[in-house]
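Residues per chain, in single letters:
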Amino acid sequence: MKKTQLLEVDLNKDVCEERIYSTIFQENAKTIFNHIFYKYGNEEKAHDAVQEAFVKLWENCTKVPPQKAKSYLYTVANNLYLNVIKAEKVRLKYANKTLKTTNETPEFLLEEREFEEKLEMALNSLPENQRSTFLLNRIDGMKYAQIAELEGVSVKAIEKRMHLALKSLREKIDGI
């Protein structure tokens, strides 16, 4: 019996059963992590958001039916990460900036910072759906069909997103 079939058979049961919860975790943890990581770009905080989302699912296991668990987890992980970003902005606003001392020349540090900014700006300038599609395909190696299923759109939509993302990145990173 395949994992996805297990959930279909047990739809009348709740997520509190260890076998159902475990199956939901095995089927969704990696894709939710990748989605959050590619959307926001921080691996450690993405792991934290996914773990917290599964804890919240466990805490609310009687309220969330198995067929709604995936969307619940995506929503909770995304909201948790948005809260982290909001808190960091407040901290950064009031943090003292310290000068980083290194052995590299000032010119090297300036060029490195300009390169990083240009690359980050190019990725951040992409619409969210194009950025996540691009990163899921190019970094995670997911096929268009897998991304389409994850995002809830057609394969043609994913193809169009990739085309537009690549076109935009080529234009913006041309000078690198």
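In case you missed it, the structure is sitting above this.
Just so it is clear, the structure is predicted and the values come from calculations on it, not from any experiment. (Residues numbered from 1 in each chain as written. Predicted model: local features only at pLDDT ≥ 70, side-chain atom pairs only at ≥ 80, totals over all residues. Heavy atoms only, no water.)

Asker: Account for a negative patch on the surface, with residues named and values stated.
Answerer: On the surface, Glu 107, Glu 111, Glu 112, Glu 114, Glu 116, Glu 117 and Glu 120 cluster together into a patch of negative charge. Since its relative accessible area comes to 33%, Glu 112 is described here as partly exposed. (Patch = residues over 30% accessible without salt bridge, like charges linked within 9 Å, V, L, I, M, F, W, Y side chains within 5 Å. Areas by Shrake-Rupley, 256 points an atom, 1.4 Å probe, with all protein chains shown as cover. Salt bridge = Lys/Arg side-chain N within 4 Å of Asp/Glu carboxyl O. Lys, Arg positive; Asp, Glu negative; His and termini not counted. Charge placed at Lys NZ, Arg CZ, Asp CG, Glu CD. Buried < 20%, exposed > 50% of the residue type's maximum accessible area, 1.4 Å probe, protein only.)

Asker: Give me the lowdown on the packing of helix 6 (residues 128-138) against helix 8 (residues 155-172), citing residues and values where you can.
Answerer: For the pair helix 6 and helix 8, interaxial distance at closest approach is 9 Å and the crossing angle is 95°. With respect to each other, helix 6 and helix 8 are oriented roughly perpendicular. Contacts from Asn 129, Gln 130, Thr 133, Phe 134, Asn 137 and Arg 138 of helix 6 reach helix 8 at Ile 158, Arg 161, Met 162, Leu 164, Ala 165, Leu 166 and Leu 169. The class makeup of the residues in the contact of helix 6 with helix 8 is seven nonpolar, four polar and two charged. (Axes fitted to C-alpha atoms, helices over the stretch in contact; angles between N-to-C directions. Helix = DSSP H or I, 4+ residues; strand = E, 2+ residues; numbered from the N terminus. Parallel < 35°, antiparallel > 145°, perpendicular 65-115°, else oblique. Contact = heavy atoms within 4.5 Å. Nonpolar A, V, L, I, M, F, W, Y, C, P; charged D, E, K, R; others polar.)

Asker: Now, about helix 2 (residues 18-40): what can you tell me, with residues and values included?
Answerer: For an α-helix, the turn length of 3.6 residues means that residues three or four places apart are oriented alike. Its 23 residues give helix 2 an end-to-end C-alpha distance of 31 Å, which sits within 8% of 33 Å, the value for a rise of 1.5 Å per residue. Where helix 2 bends most, at Asn 28, the angle is about 45°. After helix 2 finishes, the residue Gly 41 shows a positive phi value of roughly 85°. (Expected span 1.5 Å × (residues − 1). Bend = angle between axes of the 7 residues up to and from the residue.)

Asker: Tell me what's going on with helix 3 (residues 43-59), and back it up with residues and numbers.
Answerer: Compared with the 24 Å implied by 1.5 Å per residue over 17 residues, the 24 Å span of helix 3 between its first and last C-alpha is a close match. Buried residues of helix 3: Ala 46, Ala 49, Val 50, Ala 53, Phe 54 and Leu 57, and no others. Down the axis of helix 3, the sector holding all buried residues measures 130°, keeping them to one side. Turned more than 90 degrees away from the buried face of helix 3 sit Glu 44, Gln 51 and Glu 59, all of them exposed. (Arc of directions from axis to C-beta.)

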